[in-house]
Amino acid sequence: MGGPQYDFLSNPLGAVRSTFEKAMASVSDPSSFNSGDWGAMDLFTNFLFDQSHHFQVPVLTPASMRWIKPNTLVRFRGMIQDMLGNEFYVGAYKDGAVWRTNKFMDVSQFPIGPSADTRIWERRLLYCVPVPGLNSWAQISSEAVTDQCMGWTSEQREKRPRAEAECSDMTVSSEEDQGSPSTKKMREGEQPSLASQSRESEIASSSFSLAPVPEGNSLHCLVKVYDSPESELKLNEIFEFVGILASDPEIQEDNVDNDLSNEFCEDPLRHFPPNKVVPRFHCFVHRKLAAQDFLQNNPIIEPKLDMVKGIREALLRHLTAVLGNDDVAAHFMLLHLLSKVHSRVDSLAVGKLSLNLTCFSKEIVSIFGNQLNVVVKNLMPFTHCIPLTVEYLNTASLAPKKNYDINRLETGALQLAEGSHLIVDETKLEAGTLNSLGVENARLLNNLVEWQKVEYDFKYYKMDMTTDVQLLVLSEGKSNILPADVIVPFRPSAANCSEAVTAEALEAWRWYLATVRQLPHSIESEMQQVVENDLVAARQADRSLNAQDLSRWLTMSRLMSLSFGETSLSLEHWQMVKELDRLRKERLK
Amino acid sequence: MASDSSPINNGPSSPDDSPSSPIGNTFSSPGDAARRNRRRGRSSTPSAFDTPPVHRSRFAAAADATPTPSRSRQRSGGAGRPPVTPTSTDDIPASSEGGDGFDMDDARPTFVWGTNISVEDVNDAIQRFLRDFREASSSQNDDDMLQHLHTEGKYEKLIKQVIEVEGDSLDVDAHDVFEHDPDLYTKMVRYPLEVLAIFDLVLMNMVSRIKPMFEKHIQTRIFNLKSSTTMRNLNPTDIERMVSIKGMIIRCSSIIPEIREAIFRCLVCGNCTDPVAVERGRITEPTICLREECQSRNSMTLLHNRCRFTDKQIVRLQETPDEIPEGGTPHTVSLLMHDKLVDAGKPGDRVEVTGIYRAMSVRIGATQRTVKSLFKTYIDCLHIKKTDKSRMLVDDAMDIDNSEGRNPEEVHFDEERVGQLKELSKQPDIYERLTKSLAPNIWELDDVKKGLLCQLFGGNALKLASGASFRGDINILLVGDPGTSKSQLLQYIHKLSPRGIYTSGRGSSAVGLTAYVTKDPETGETVLESGALVLSDRGICCIDEFDKMSDNARSMLHEVMEQQTVSIAKAGIIASLNARTSVLACANPSGSRYNPRLSVIDNIHLPPTLLSRFDLIYLILDKADEQTDRRLAKHIVSLHFENPESMEQDVMDISTLTDYVSYARKHIHPQLSDEVAEELTRGYVDIRRRGNFPGSSKKVITATPRQLESLIRLSEALARIRFAEWVERRDVMEAFRLLEVAMQQSATDHATGTIDMDLITTGVSASERMRREAMVQATRNIIMEKIQIGGPSMRLLELLEELKQSTGSEVQLTDLKNAVATLASEGFVTMHGESVKRS
């Protein structure tokens with residue numbers, strides 16, 4: 001089946017229904033469908049990816065929320081922030097003699113008689129938020145898709161010029177009421193009953209703390225996923241969901257009449273902001289996103305060696321310039337930006353390369369600190385910066401914490417998507433006393449650096465969640481809270497030669513960082529022998545070298561060859577790494 | 001009821017109503033099940049198969065929640081009559097077809113709708129079960145029964161007990177049911193609502209036979225199902241089935257009084273109505289007074305104090321961490337508790353719950369135009385079992401389960417697991433395998449790991465009648481160069497033991513380790529707060545950077561490490577707290593790196609009083625050994641480039657390891673035989689003699705009776721590793737070896753107390769040893785020649801010259817020194833500084 005007879009974009013439910021009916025014609029009982037799937041998902045996958053209609057699907061953003069019609073196909077990109085468990089729903093029921101389906105819908109189209117034959121199916125509820133720390137350049141520009149829907153959105157488009165999407169602070173007042181359950185809404189008093197209004201206000205106050213980045217323009221979404229294995233969707237992973245926006249934003253279950261369900265505080269949605277604030281989203285197709293998918297015009301180019309090398313040189317030049325002509329620091333910076341955890345052995349995270357730039361005195365911070373931040377922001381899709389002070393440590397909630405009152409996972413600053421970049425600015429840290437929360441937070445940061453794990457607090461027990469965060473620490477001396485893998489004393493020689501960077505160059509660099517990072521890596525057996533001999537020799541010469549040092553060399557050598565776009569380690573790169581580390585060691589003396 | 005129009009009988013006569021596969025057919029929707037209920041109810045009503053009225057409280061609330069009318073309500077029509085033979089002739093064809101392996105004594109059974117479960121058969125089966133089930137005899141035929149008549153069945157006895165204490169529930173072990181009648185078990189799990197109702201009925205019949213006047217209703221509570229599911233795996237097919245899940249209670253609602261029967265009074269005439277029962281979750285207020293004289297309208301008012309209420313509570317259960325897959329968050333499920341189960345658990349309890357998984361549709365107000373197609377699920381709780389650890393393990397002196405976050409009932413391993421573990425223990429290389437499995441990513445340090453293994457297993461604690469007690473915990477100190485992964489080892493052990501506390505010496509104060517007294521901010525009372533050592537009672541307290549700890553704090557450890565208590569005398573509180581903890585400490589040598597020129601004691605730089613309390617003191621020296629380095633290099637390279645999964649094949653996974661340790665600690669208590677005791681004594685005397693070597697007593701760690709105790713503990717631990725009940729000679733030998741290896745004693749020069757670094761780093765090759773022996777021989781000859789016994793001493797340099805002349809080759813002073821030292825240890829000469837004297 002399939003084909004153009006369905007209007008997938010504007011009437012996906014129609015497609016769902018007609019395929020269901022078609023499928024029902026061949027079988028008598030919907031329970032014969034394998035876990036309730038009759039091929040609708042495949043149809044959509046086929047439509048979106050094989051026929052590449054993918055980019056025509058409008059993207060759900062706070063802005064587009066206002067003009068996207070319910071029950072049309074939309075895309076949503078987000079990180080899974082919380083999982084709300086499974087939901088049982090009437091998947092199929094008999095309306096008279098005809099079987100109907102409720103899949104991908106919140107409310108049934110036809111009334112289900114009390115005696116109707118029903119089949120119960122299951123779906124997963126995921127609470128998704130925009131990727132924390134998503135930089136403006138990585139935000140999906142919806143221009144391409146809006147063009148199609150031009151007819152009735154033109155006036156909005158005028159209000160929202162292109163530049164605004166690029167601009168990092170999208171605090172357009174008109175969008176605020178969409179993204180956040182602002183107090184304004186309560187004052188409007190447009191809610192049908194007093195009861196629900198007061199409930200909403202209670203929710204409004206609580207859901208503020210839920211947003212990882214409480215910005216006005218973030219759109220949280222409750223995604224309902226069908227028929228996917230549990231291992232496919234994990235916490236903190238970034239996905240693009242294609243599906244339907246729930247049709248009826250007004251529906252709120254009304255607890256007037258139910259004796260039992262009222263007492264069942266189990267409903268995950270009970271303490272939930274209403275539909276208007278957090279839209280419900282029925283997902284047909286989901287796919288995991290990597291950093292590459294956040295590039296603006298994602299060119300699928302095979303990384304050619306000379307091209308990669310050229311880009312590398314340019315990027316290195318840029319980093320060197322930004323870092324005041326500190327060549328060594330720039331090299332380490334480049335390796336650091338390419339690092340990722342590629343495997344875990346027991347609790348050891350192999351492949352991470354956290355960087356601690358020391359010697360950041362007050363003056364140097366004022367010159368380079370901000371600049372460095374901007375550069376990283378421009379290069380990496382998701383970035384964060386934590387200015388570490390005693391007060392911050394004592395007050396901030398870094399670890400996500402389960403709040404059983406509202407049955408939600410309250411996010412913390414360390415609930416980050418895989419591949420996020422985190423700058424911890426320790427230069428403002430002064431002597432002070434840490435309270436118990438501060439000690440706990442310091443421990444969390446320490447664990448993050450050392451094991452790439454964050455402890456989530458589920459009140460009755462704690463659970464370690466693995467993360468993959470690149471950590472850059474700026475400090476005056478060696479940081480004790482965050483024992484980074486590499487400590488590089490920063491030695492700028494020139495003040496600041498801010499060269500203008502062209503947009504093309506930036507794009508190339510982003511592409512480079514995103515692509516090269518994903519390359520596979522191996523080692524030839526001869527080279528392995530060389531490396532082993534070198535390690536043994538180094539250890540014989542200097543007893544203070546420990547396993548971590550050796551491990552770091554290997555990580556660096558891996559990243560070094562990756563930075564050249566090569567997939568196996570060469571002697572040249574291995575020696576470069578050793579030389580680089582020697583230079584660094586000299587500085588440490 | 002829409003379905004009333006459908007044919008009354010159900011059975012095989014109407015094809016689409018009766019699934020051809022008998023019990024194997026699963027009903028995946030509550031709608032279906034509800035229908036089944038209703039039909040089943042109807043089909044049984046004409047047969048006057050009824051429940052006593054008291055019974056109806058059971059599932060009424062739950063059934064009311066489903067959109068269909070409750071079965072129990074329908075069944076309550078003819079109250080209190082015993083079941084009679086059904087008369088419905090429709091059922092006859094069914095019986096002929098429905099013979100699913102169970103006998104049909106009755107030619108006219110009533111069927112549970114949609115199944116071929118015959119009510120009578122189930123009834124009989126249950127009756128047989130309750131009457132005949134005896135433990136340890138699984139199959140009972142009639143002949144046996146005659147013989148067993150004088151012994152009472154397990155459940156008959158239990159029922160009598162329940163009657164005696166006027167209890168209101170009978171706990172039925174599902175394993176017993178299965179053993180007695182697997183078919184009944186299957187039916188019970190699949191159709192719990194129906195079968196349990198019959199169960200209750202049979203039970204009440206039996207009760208009334210035993211004690212006719214017994215008024216109370218007794219419910220059956222099934223527990224201990226053969227298989228329990230995880231919360232994650234509950235899915236629509238489990239609806240309306242009996243399930244058993246484990247989890248942790250996170251919330252309890254307040255107790256909800258639920259009305260069961262209401263009594264109304266007329267405001268006009270004061271006439272009271274008969275009790276009005278709950279119907280579909282509601283009580284309808286009579287609109288008209290029933291007294292004929294009165295008949296006033298809308299005059300009825302509820303009499304609160306004459307109504308009958310039952311307790312109800314809603315509890316949220318959450319998954320325990322070990323069931324959560326990577327990258328997931330814990331799932332939760334609601335439990336509905338009734339009557340006695342209310343407040344059976346409180347938040348934080350780990351429980352195992354048996355109940356019926358149910359779904360109810362989300363109710364929508366009448367004003368709502370659309371229908372919500374959602375279902376809420378909950379478990380109608382039948383039985384709740386607490387699996388709280390503190391209570392179960394309190395009295396066992398050596399009882400720690402080393403598994404992190406595990407339920408203690410998993411320490412009571414099932415037989416299969418025990419078999420596996422025993423099988424493991426029989427392997428000849430179990431000791432090596434366990435060693436390898438301990439912290440597999442930490443390279444080398446096999447002997448240290450062996451010591452740690454002993455610490456995990458522990459020796460036997462002993463309490464004499466005189467009150468003296470001997471600890472079974474083994475304390476270990478790791479002293480070593482930086483970067484020898486001491487801390488990782490500590491972390492690993494900390495992870496392995498649940499009660500383990502990990503502290504760093506620098507950040508610990510004396511009170512933080514033991515206990516301190518504070519004023520409660522609210523009441524102003526002084527309260528005792530436990531410190532790390534008290535908190536790790538029955539666990540392992542890991543102290544990193546032991547050397548950085550203040551002397552004051554360290555001195556607090558003296559008591560803990562030997563007496564295993566913490567005594568407090570401050571602010572009016574005088575108390576002695578238990579701190580039965582093993583201490584695992586690690587420290588850097590005094591000069592942060594090991595200085596080979598100093599003696600071991602000087603390097604460790606801890607007071608001997610404290611040192612003697614450690615059973616094993618490991619000197620972990622960073623040996624400049626190319627072999628080790630190469631292995632390390634290989635390891636690291638493979639870590640980065642190879643598939644880490646393929647690396648360590650032969651190691652036990654961590655859960656097996658923890659199970660193994662827990663089982664051994666719980667069940668194995670090895671004892672010393674006379675022969676072994678002999679061996680220990682001899683060995684101890686040997687060490688003692690070595691330590692007492694003249695002029696060396698200050699330089700080496702001397703053996704004290706404590707060391708003998710350590711040896712006993714170590715031997716016991718080693719025997720325990722093999723699951724052996726008796727300590728064997730080899731255990732003792734290994735214990736001695738561990739003790740020696742730990743201190744690098746093989747390489748220690750007893751005269752100076754220093755460690756011969758050459759000896760450690762390169763090991764002594766055969767040729768080297770020969771050369772040394774030759775050297776010693778030459779020196780001996782010269783000394784024999786030049787020095788008389790009791791004669792004047794000779795300077796080393798003179799001796800060197802002599803040696804050079806006699807051998808005619810270059811001789812190093814150090815070699816000579818070594819040779820002289822060897823001679824001195826033989827007692828041939830004595831050394832005083834640079835001069836040598838024949839003794």
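Along each chain, the written sequence defines residue order, and numbers are assigned to residues from 1. Lettering of chains starts at A and numbering of ligands starts at 1, both following the order in which they are written. Only residues with pLDDT of at least 70 get local features here, since the model is predicted, and only at 80 or more are side-chain atom pairs given and counted; chain-wide, interface and lining totals rely on the full set of residues. Each side-chain value is derived from all of the structure's non-hydrogen atoms; neither hydrogens nor water enter the calculation.

- Per an unreviewed UniProt entry, chain B goes by DNA replication licensing factor MCM4 and derives from Arachis hypogaea.
- UniProt positions are given in the numbering used here, feature names are shortened, and annotations may be inferred rather than shown by experiment. Database annotation for chain B, UniProt heading Sequence similarities (unreviewed entry): "Belongs to the MCM family."
- UniProt lists a comment for chain B under the heading Catalytic activity (unreviewed entry), and it reads "ATP + H2O = ADP + phosphate + H(+)".

- Going by the annotation in an unreviewed UniProt entry, the name recorded for chain A is Mini-chromosome maintenance complex-binding protein, with Arachis hypogaea given as the source organism.
- Recorded under Subcellular location (unreviewed entry), the UniProt text for chain A is reproduced unchanged: "Nucleus".

### Let's talk about the overall build of chain B
- Under the scheme used here, helices are H or I runs from DSSP no shorter than 4 residues and strands are E runs no shorter than 2 residues, and both carry numbers assigned from the N terminus. A count of helices and strands for chain B gives 29 helices and 25 strands.
- A contact between two residues is defined here by any heavy atoms of the two lying within 4.5 Å. The long-range share in chain B, meaning contacts at least 24 apart out of those at least 6 apart in sequence, stands at 70%.
- Put simply, chain B shows about 37,400 Å² of open surface, and 50% of that area lies on carbon and sulfur atoms. Note on areas: Shrake-Rupley with a 1.4 Å probe; residue coverage comes only from the protein chains shown.

### As for the overall build of chain A
- Per the secondary structure count, chain A includes 18 helices and 17 strands.
- Within chain A, residue pairs in contact and separated by at least 24 positions form 77% of the contacts whose partners lie at least 6 positions apart.
- For chain A, the accessible surface area stands at approximately 23,500 Å², while carbon and sulfur atoms represent 52% of it.

### Topic: the sheet that holds strand β25 (residues 835–838) of chain B
Residue and element names in this part refer to chain B.
- Reading across from one edge, β23-β25-β24 is the order of the three strands in this open sheet, with antiparallel pairing throughout. Of all the strands in the sheet, the pair left with one neighbour each is β23 (794–795) and β24 (829–832).
- Pairing between two strands is assigned when DSSP locates at least 2 bridges connecting them. Note: β24 against β25, four bridges, orientation antiparallel. Bridging from a neighbouring strand, H832 pairs with S835 of β25.

### Considerations on the pairing of strand β15 (residues 462–466) of chain A
All names here are of chain A.
- Burial status follows relative accessibility: with a 1.4 Å probe on protein chains alone, a residue under 20% of its type maximum counts as buried, one over 50% as exposed, and anything between as partly exposed. Of the two faces of β15, the one lined by M463 and M465 is fully buried and the one lined by K462, D464 and T466 carries no buried residue.
- Sheet topology note: the strand β14 (residues 453–457)/β15 ladder contains five bridges and is antiparallel. If you follow K453 over to β15, its bridge partner there is T466.
- Hairpin connection from β14 to β15: four residues lie between these consecutive antiparallel strands, with K459 at a positive phi of about 65°.

### Some words on the packing of helix α11 (residues 327–338) of chain A against helix α18 (residues 571–588) of chain A
Residues and elements named next belong to chain A.
- Put simply, α11 and α18 touch, their axes get as near as 10 Å, and they point 125° apart. On the basis of the axis angle, α11 is oblique to α18. Where α11 crosses over α18, the handedness of that crossing is left-handed. Between α11 and α18, the residues in contact are V328, H331, F332 and L335 and L580, D581, L583, R584 and R587, respectively.
- Throughout, the ten residues Ala, Val, Leu, Ile, Met, Phe, Trp, Tyr, Cys and Pro are labelled nonpolar, Asp, Glu, Lys and Arg are labelled charged, and all others, Gly among them, are labelled polar. Classifying every residue of the contact of α11 with α18 by side-chain character gives five nonpolar, one polar and three charged. Axis definition: a line fitted to C-alpha atoms, over the contacting stretch in the case of helices. Angles run 0 to 180 degrees between N-to-C directions. If an angle is under 35 degrees, it is roughly parallel; if it is over 145, roughly antiparallel; if it lies from 65 to 115, roughly perpendicular; otherwise it is oblique. For a crossing to be left-handed, the near helix must be turned anticlockwise from the far one by less than a right angle; the clockwise case is right-handed.

### With respect to the pattern of salt bridges
Residues and elements named next belong to chain A.
- The salt bridge definition used is simple: a Lys or Arg side-chain nitrogen within 4 Å of an Asp or Glu carboxyl oxygen. Evaluation of the coordinates by the stated rule reveals 33 salt bridges over all chains.
- Among the ionic pairs, D581 bridges to R552, the shortest N-O distance being 3.2 Å. Of this pair, D581 sits in helix α18 while R552 sits in helix α17 (residues 547–563); the two residues are 29 residues apart in sequence, bridging distant segments of the chain. The burial state of D581 is the same as that of R552; both residues are buried.

### Quick notes on the pairing of strand β4 (residues 221–226) of chain A
All names here are of chain A.
- Burial within β4 is extensive, with six of its six residues counted as buried.
- The side-chain alternation of β4 yields two buried faces, one formed by C221, V223 and V225 and the other by L222, K224 and Y226.
- Relative to strand β6 (residues 280–288), β4 runs parallel, the two being bridged by four bridges. Note that in β6 the partner of V223 across the bridge is F281.

### Some words on α17 of chain A
Residue and element names in this part refer to chain A.
- Over its 17 residues, α17 runs 24 Å from end to end, which matches the ideal 24 Å to within 8%, given 1.5 Å per residue.
- The buried fraction of α17 is high, at 15 of 17 residues.
- Once α17 ends, the next one or two residues include G565, with phi positive near 80°. By this rule the span expected of a helix is its residue count minus one, scaled by 1.5 Å.

### So, the sheet that holds strand β15 (residues 501–504) of chain B
All names here are of chain B.
- Spatial ordering of the open sheet is given by β15-β18-β21-β14-β22, a layout of five strands whose pairing is parallel. Here the strands that pair on one side only, and so sit at the sheet edges, are β15 and β22 (616–620). Along the sheet, successive strands turn relative to each other by an average axial angle of 15°, direction set aside.
- As paired elements, strand β14 (residues 476–480) and strand β21 (residues 582–587) share four bridges and run parallel to each other. Paired with L478 across the bridge in β21 is C586.

### Considerations on the environment of K453 of chain A
All names here are of chain A.
- Positionally, K453 belongs in strand β14.
- According to the relative accessible area criterion, K453 is buried, its value standing at 18%.
- Between the alpha carbons of K453 and L414 there is a distance of 9.7 Å; along the sequence they are 39 residues apart.

### Remarks on the packing of aromatic side chains
- Aromatic pairing here means that ring centres of Phe, Tyr or Trp (its six-membered ring) are within 6.5 Å. Orientation follows from the plane angle: under 30 degrees is stacked, over 60 is edge-to-face, and everything else is tilted. Per the stated rule, a full pass over the model turns up nine aromatic pairs over all chains.
- Relative to Y357 of chain B, the ring of F88 of chain A lies with its centre 6.1 Å away and its plane at 90°, an arrangement referred to as edge-to-face. Remark: Y357 of chain B occurs in strand β10 (residues 350–361) and F88 of chain A occurs in strand β1 (residues 73–95); the pair is interchain, linking two chains. Accessibility assignment for this pair places F88 of chain A and Y357 of chain B in one class, buried.
- Lysine and arginine charges are scored as sitting over a ring when NZ or CZ, respectively, is within 6 Å of the ring centre and within 35 degrees of the ring normal. A cation over a ring is seen here: R312 of chain A above F564 of chain A, with NZ or CZ 3.8 Å from the ring centre.
- One residue, R408 of chain A, lies across the ring of Y127 of chain A, its end atom 3.7 Å from the ring centre.

### Notes on unusual backbone geometry
All names here are of chain A.
- Positive phi is not limited to glycine here, since N236 has a value of about 70°.
- By secondary structure assignment, the location of N236 is in the loop between β4 and β5 (238–245).
- Since its relative accessible area comes to 5%, N236 is described here as buried.

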